[in-house]
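Topology and contacts: notes
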Amino acid sequence: MHNDPAVTEARLARVLDQRLRPAVHARAVPLGVGIWDVRGEPVPVPVALRARYRPAGVGDRWGPAWATCWFRISGTVPEDWDGLTLEAVLDLGFGSTEPGFSAEGLVYRPDGTAVKALNPRNTHLPIGAPAHGGAAFEYYIEAAANPVVMHTGPDDLSFHPTRLGDRAPWLRDAGAPPGEPLYRLRRADLAVFDRVVFELVQDLDVLGQLAHELPSGSTRRWQLLQDVERALDAVDLQDVSGTAAAARALLAPALAAPASARAHRISAIGHAHIDSAWLWPLRETVRKVARTVSNVTQLMDDHPGFRFAMSQAQQLAWLKQHRPEVYARVGEKAATGQFLPTGSLWVEPDTNITGGESLARQFVHGKRFYLEEFGVETEDMWLPDTFGYNAALPQVMKLAGVRWFLTQKISWNTTNKFPHHTFWWEGIDGTRIFSHFPPVDTYNSELSGAEVAHSERNFQDKARTNRSMVPFGYGDGGGGPTREMLARAARLADLEGSAKVVVETPGEFFAGALADYPDAPVWVGELYLEFHRGTLTSQLATKQGNRRSEHLLREAELWAATAAVEHGAAYPYEALDRLWKTVLLHQFHDILPGTSIAWVHREAQETYLAVTSELEQLVGQAQRTLAGPPGPDGQAVVFNAAPHARDGVPAMGAVPRPPRPPATAPTRSGDQLVLENALVRIVVDGRGLITSAHDLGADREALAPGTLGNLLQLHQDFPNQWDAWDIDAFYRNTVLDLTDAESVRATGTGIHIVRTFGSSRIEQTLTLDQGSRRLDIDTVIDWHEREKLLKAAFPLDVRAAHSTAEIPFGHVERPTHTNTSWDAAKFEVCAHRFLHVGERGWGAALVNDSTYGHDVTRDTRPDGGTTTTVRLSLLRAPRFPDPEADQGRHRLRYGLLIGVEVPEAIEEGYRLNLPERTVLGTATVAPLVSVDHAAVLVSAVKLADDRSDDVIVRLYEAHGGRARATLTPGFALAAVVATDLLERPLAQDGSHTVVGSEVRLSLRPFQILTLRLTPAPAT
């Protein structure tokens, strides 16, 4: 007899799809169906249960985009089905095969308790007791008509511009007509669940997939295919139920054959990555969480060994607030050790753009929620899907009590394959965190044969360790693990030819992996994602809202704490807690990077306006308390929230001060305008372009010969895919220099330039303050380009070996050359408030108030000199997933610093982002704390979260060197304790000592230190 493996595999696929899977629910009768259309936003469950339903049936259309429809299903158990396992089979007419990317449903009992969710891969509903003949039952389905924005299949992604991401007009206006229905009810049956057929399907599925992954000449592969052939021969396709047991018996020996004693060990972690917003709005994520959690807790009832990790505290907080009955199930399963709060973070944030203090608060609020709600001290940072990882994170993790780090996204690199899957990650301060990238290359595994085999083949550390992880369960849009996945895990636990799959907890995996591989290799510095570089620039308004909220939160805490300590003013604990959580939520890795639908970003802008208004009120209230009564001549107090003194105002203090001298007035030299003070001279030509930026003290020109500064450049920006996410390297192939000006004129304090191009208009005002090395460029853009990238270029006459860019709690140096593919791949990089380039003894920097994307290139000129060009990415105009991304009016500021080193760039970055505030009053406000070393910067001053009236001060060494400094509190001091980020005492590490009323600090490069200062009792 001749065997043909391809024929057997094709036979298996067809029999499974067309005969065996349908036979799991072969005996079926129709259910009664009623429908109720919700007008407007979703309604509470009790409202829907009381609604009047109209008759409906299979084939009926339902649901315009973003609508909610409720179905009532009812039936009576046939008399001859007594004692059988019954399930409803419910197909809502899902518009995609991918769970979470189209219609979804959540099933309720008549008492309003949730049962489980429905999606394209999970259409069954267990019908509970009584299941005897003649028994009647009724359930309700909350069906969400979420449109298919991108996914139509696992390998079918559409990036076409679509209006489906807008909030439907009829959701805002009850009088607006609803849109056309998107979906059609396909099936609503009561069926007998045939357990034996189900198990046969799982047997064949696992063995067939395993055989396909084994080498073509493998004995085990041929034997498995022969076993599959025999089983298929044993199945009567006209009597599947009656012959399934015999077929299973033929497969039993193949399933009983054990794996090799040294087989690769895969830790399978149940998971459902749920994007807190992306191709759906925040309100829909609240429902996605309820659906997914209902699914997994129902699955836990039937599978006591199932473990599920959920990684965003915000999502559990939503459950607690909106769906307390589902949240109660979480508590029940957490108590049994099945439901595992994981990840330590409030949301899974972007870590390129999010500021340092915000990252600290992500851990504070995430870990504190898990501690307070579940008594769990999470020890891992679970961040599978974000677009790069800054080099400060290892230290931030350690200070939050985190021991392990997991991510997946680096597997998306398009140029270089990351060399490790298990390794130690070392941050800018030297802290190391044990880390793992699951070699399965997905965080949404189905535990398929292909994924399990790929995990072992791809695992780069297999010579030294034998453990890897697979997060399994449908995700992004939620859904979670299914009973089919658990059936695969059970069969793959110890199966010849396969890796061993063990369902366990993240902690069990990491503890075992560390014990197995304590000397894992070390990766130093940032984990740069060679993909999705456009996320540093897309949706400027969202990024500005975040940057400004971060600085306002700093100010609100600082001045409220100062007013509380100095004047006994009430500290706004509740308001600050709520506002921090709002800002943290919007740092989610598809909101802050600008990669969500229009609805999300329009709503974010509204939220940031409200946050700004409330924080301004808190700041103003505290400053009015501190400024004291106004003087008879309208005297004003100037507040400085920056960590550096300026213009006679101490860092984080305030003094009465006369008005500042005006900015330098421009003068004319021929057809050129000149801004000059005692330090620098800026020359602007008739086109509004900088032709000279001269350092007067060093007698050195900053711009390369023959080049122009502040040259705005427009590029075609149409990546191959992932529009809002990506900037592809070929964008540099075409460029339009915007050299024409509509007007260039001198004003009393600067130079005003107007340019028009395409459908857009740019107005820029250049100013130079007295005594400053910073040329400020205030830019207003009315932007109406499409698929374009706008950059501002500064070609500098400096041979810079590297650029220095601010990141949270420090900075990183990146080579300016492209010696290796790793260097060349970093053609768009992240910087926060500054980016510096320089030679020994002289440098220049760009500072900004809301820009993150930069590029740095280096060229040798004919004269032998080197030009290092630094460019800021100002705006993009991607059309997917938001076709109106970035359209409209924007205002942003950036500045050129001439003749400065990195410390001055740090200082000016803070100054630009934390402008002085002037309040009528006569008081001098001493800083609540002061530090006498320019390299030691205060990140936060606040009152302790436990309401003890202790003062919390977080500071860090910012220059990259060792620093000995003195911190002096502005109040009598009773005690000082170093703490973790959650304000809990740490063991003394020699970083500080107390001498009288002073705290002596000794910090290593980039060290972060949090101190709890206890004021002495008033006497």
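Let us look at the structure shown here. (Residues numbered from 1 in each chain as written. Predicted model: local features only at pLDDT ≥ 70, side-chain atom pairs only at ≥ 80, totals over all residues. Heavy atoms only, no water.)

The full count for this structure, using the stated rule, is nine cavities of 30 Å³ or more. The volume enclosed by the largest cavity comes to roughly 340 Å³. In terms of residue count, helix α15 (residues 540-567) provides more of the lining of the largest cavity than any other element does, six residues in total. Of the residues in the lining of the largest cavity, the class split is 11 nonpolar, six polar and eight charged. Here the lining of the second largest cavity is composed, by residue class, of eight nonpolar, five polar and four charged. (1 Å grid on protein atoms, 1.4 Å probe; cavity = no way out; pocket = protein on both sides within 12 Å on 5 of 7 lines; lining within 4 Å. Points joined across faces, edges and corners; volume = space filled by probe spheres on them. Helix = DSSP H or I, 4+ residues; strand = E, 2+ residues; numbered from the N terminus. Nonpolar A, V, L, I, M, F, W, Y, C, P; charged D, E, K, R; others polar.)

What follows concerns the pairing of strand β28 (residues 672-676). By the bridge criterion, three bridges tie strand β27 (residues 667-669) to β28 in an arrangement that is antiparallel. Across the sheet, Arg668 pairs through a bridge with Leu673, a residue of β28. Here β27 folds back onto β28, and the loop between the two strands holds two residues, one of which, Gly670, carries a positive phi near 65 degrees. Of the pairings in the sheet, the one linking β28 to strand β29 (residues 680-684) comprises four bridges and is antiparallel in character. Each bridged residue has a counterpart across the sheet, and for Leu675 the counterpart in β29 is Ile682. Between β28 and β29, which pair antiparallel in sequence order, lie three residues. (Pairing = 2+ DSSP bridges.)

This part is about unusual backbone geometry. Cis geometry marks the peptide bond from Phe880 to Pro881, where omega comes out at 5 degrees. Counting through the fold element by element, Pro881 comes out in the loop between β45 (866-875) and β46 (888-898). One non-glycine residue with positive phi stands out, namely Asp441, at about 65 degrees. Considering the arrangement of structural elements, one finds Asp441 in the loop between β21 (432-436) and α12 (449-458). Overall, Asp441 belongs to the partly exposed group, its relative accessible area being 29%. A positive phi angle is found at Asn710, which is not glycine, with a value near 55 degrees. Within the secondary structure, Asn710 sits in the loop between β31 (700-701) and β32 (711-716). (Buried < 20%, exposed > 50% of the residue type's maximum accessible area, 1.4 Å probe, protein only.)

Turning our attention to the sheet that holds strand β36 (residues 760-768). Pairing is antiparallel in the open sheet, where nine strands are placed in the order β34-β35-β36-β37-β46-β43-β42-β39-β40. Each edge of the open sheet is held by one strand with a lone partner, namely β34 (743-746) and β40 (810-815). Between one strand axis and the next, the sheet turns through 20 degrees on average, direction left out of account. Note that strand β43 (residues 842-848) and β46 share five bridges and pair antiparallel. For Asn848, the partnering residue across the bridge sits in β46 and is Tyr894. Together, β43 and β46 form the strand contacts of α15, whose direction differs from that of β46 by roughly 60 degrees. (Axes fitted to C-alpha atoms, helices over the stretch in contact; angles between N-to-C directions. Contact = heavy atoms within 4.5 Å.)

Once that is clear, we can look at the layout of surface pockets. Approximately 750 Å³ is the volume attributed to the second largest pocket. Along the wall of the second largest pocket there are 30 residues; nearest its centre are Gln544, Gly545, Arg548, Thr612 and Arg891. Of all the elements in the fold, those that place two or more residues in the lining of the second largest pocket are α15, α17 (598-627), β46 and α19 (902-913). Looking at the lining of the second largest pocket element by element, the count peaks at nine residues for α15. Looking at the lining of the second largest pocket residue by residue, the classes come out as six nonpolar, 11 polar and 13 charged.

Tracing the backbone through its elements, the reader meets Asn677 in the loop between β28 and β29. Separated by 2.8 Å, the side chain of Asn677 and the backbone nitrogen of Leu679 make a polar contact. Of note is the side chain of Asn677, whose polar atom sits 2.8 Å from the backbone oxygen of Asp769. Ignoring any residue separated from it by four or fewer positions in sequence, one finds Asn677 in contact with Thr664, Leu696, Leu768, Asp769, Gln770, Gly771 and Ser772. (Polar contact = N/O pair within 3.5 Å; in protein donor to acceptor, adjacent residues only side chain to side chain.)

It is worth spelling out the nonpolar core at this point. Across soluble globular proteins, nonpolar side chains show a tendency to be buried alongside one another. Counting 205 residues, the largest nonpolar core has Leu204, Leu316, Phe405 and Leu1013 as the members making the most contacts within it. When residues no more than four places from it in sequence are discounted, the contact partners of Leu316 are Met310, Tyr327, Val330, Phe339, Phe369, Tyr370 and Phe374. Core analysis: the next-biggest nonpolar cluster, separate from the first, contains 46 residues, Ile690, Ala702, Phe757 and Leu875 among them. (Core = buried A, V, L, I, M, F, W, Y, C linked by side-chain atoms within 4.5 Å.)

Further remarks concern the packing of helix α10 (residues 356-374) against helix α16 (residues 573-585). Contact geometry of α10 with α16 gives a least axis separation of 10 Å together with a crossing angle of 110 degrees. By the angle between their directions, the pair α10 and α16 is classed as roughly perpendicular. When α10 is examined against α16, the residues Glu357, Ser358, Arg361, Gln362 and His365 are found in contact with a partner set consisting of Asp577, Trp580, Lys581 and Leu584. For the contact of α10 with α16, a count of residues per class yields two nonpolar, three polar and four charged. (Parallel < 35°, antiparallel > 145°, perpendicular 65-115°, else oblique.)

On to helix α4 (residues 195-213). If you check α4, its first and last C-alpha atoms are 27 Å apart, about what 19 residues at 1.5 Å a residue would give, namely 27 Å. Most of α4 sits inside the fold, with 14 of its 19 residues counted as buried. Sitting at the head of α4, Asp194 places a side-chain oxygen 3.3 Å from the backbone nitrogen of Val196. (Expected span 1.5 Å × (residues − 1).)

Turning next to the sheet that holds strand β24 (residues 522-524). With mixed pairing, five strands are arranged side by side in an open sheet as β18-β19-β21-β20-β24. The open sheet has two edge strands, β18 (380-382) and β24, and neither has a second partner. With strand direction ignored, the average angle separating the axes of adjacent strands in the sheet is 30 degrees. Sheet strands in contact with helix α14 (residues 506-516) are β18, β19 (404-406), β20 (422-426) and β21, and its direction is about 110 degrees off that of β21.

Purely geometric stuff here, so don't read any function into it on its own.
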